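# Structural features, examined
The residues making up each chain are set out below.
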Amino acid sequence: REVIVIMGSLTTCDPTDINATIEAARLCKVRCSVINLSAEVRIYRELARQTGGLHNVILDDTHFKDLLAAHLDPPPSAAAAESV
């Protein structure tokens with residue numbers, strides 16, 4: 001599974017331990033990718049890194065379109081994955 005998040009915020013307000021949430025996503029093998037619209041936020045970069053996703057900050061509208069297009073094709077499955 002993959003989640004793509006587009007963020008415009010420069011801050012986060014986490015009601016629980018964000019590190020525990022990131023760990024839960026990692027253990028559930030959810031790949032989280034983040035596209036920041038304004039500036040890099042460290043916790044979003046960390047979320048993407050720990051879950052094997054991508055993290056980018058857009059430069060302009062063309063760059064944003066390119067980043068979105070990169071997520072249109074599904075990522076390759078893991079070599080050890082079996083169909084159920």
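Here is a short report on the structure shown in this document. (Residues numbered from 1 in each chain as written. Predicted model: local features only at pLDDT ≥ 70, side-chain atom pairs only at ≥ 80, totals over all residues. Heavy atoms only, no water.)

### Thoughts on the nonpolar core
It is characteristic of soluble globular proteins that their nonpolar side chains tend to be buried jointly. Worth spelling out the cut-off: Buried residues of nine kinds, namely Ala, Val, Leu, Ile, Met, Phe, Trp, Tyr and Cys, make up a nonpolar core once their side-chain atoms join them within 4.5 Å. The classification of residues rests on relative accessible area computed with a 1.4 Å probe and restricted to protein chains. Under 20% of the type maximum is buried, over 50% is exposed, and intermediate values are partly exposed. Labels follow the DSSP assignment, with helices taken as runs of H or I lasting at least four residues and strands as runs of E lasting at least two, numbered in each case from the N terminus. What makes two residues a contact is simply this: any of their non-hydrogen atoms within 4.5 Å.
By size, the foremost hydrophobic cluster in this structure holds 10 residues: M7, I22, A25, V30, C32, V34, V41, I43, Y44 and L47. Per-element accounting of this core gives the leading share, 3 residues, to helix α2 (residues 42–51). Discounting residues that sit within four places of it in the chain, V41 has contacts with S9, L10, T12, N36 and H55.

### Points about the side chain of E46
To keep it simple, the criterion reads: N or O atoms within 3.5 Å of each other form a polar contact, as long as, within protein, one can give a hydrogen and the other can take it, and as long as residues adjacent in sequence are counted only when both atoms are side-chain atoms.
By secondary structure assignment, the location of E46 is in helix α2. E46 gets classed as buried once you look at its relative accessible area, which sits at 12%. Polar side-chain contacts of E46 include one of 2.4 Å to the side chain of R49.

### A short note on the packing of helix α1 (residues 18–27) against α2
Note the cut-off: Simply put, an axis is a line fit to the C-alpha atoms, just over the touching stretch for a helix, and the angle between two N-to-C directions goes from 0 to 180 degrees. Angles below 35 degrees are treated as roughly parallel, those above 145 as roughly antiparallel, those between 65 and 115 as roughly perpendicular, and all remaining angles as oblique. In this scheme the handedness of a crossing depends on how the near helix is turned from the far one: anticlockwise by less than a right angle means left-handed, clockwise means right-handed.
As a packed pair, α1 and α2 sit with axes 9 Å apart at the nearest point and diverge in direction by 25°. What the angle tells us is that α1 and α2 run roughly parallel. The two elements α1 and α2 meet at a crossing, and its hand is right-handed. On α2, the residues touching I18, N19, I22, A25 and R26 of α1 are I43, L47, Q50 and T51.

### Quick look at the sheet that holds strand β1 (residues 2–7)
Filter applied, for reference: Criterion used throughout: strands pair if DSSP finds at least two bridges between them.
The strand order β1-β2-β3 describes an open sheet built from 3 strands, whose pairing is parallel. Looking at the sheet topology across the chains shown, the edges are occupied by β1 and β3 (55–57). Taking each pair of neighbouring strands and ignoring which way they run, the sheet shows an average axis angle of 15°. Sheet analysis places β1 next to strand β2 (residues 31–36), joined by 6 bridges and oriented parallel. When the sheet's bridge partners are listed, I4 is paired in β2 with S33. The strands that helix α3 (residues 61–70) touches are β1, β2 and β3; relative to β2, the one it contacts most, it runs at about 170°.

### Here we look at α1
A side-chain oxygen of the first residue of α1 lies 3.1 Å from the backbone nitrogen of N19; this N-cap is D17. Phi for K29, located one or two positions after α1, is positive at around 60°.

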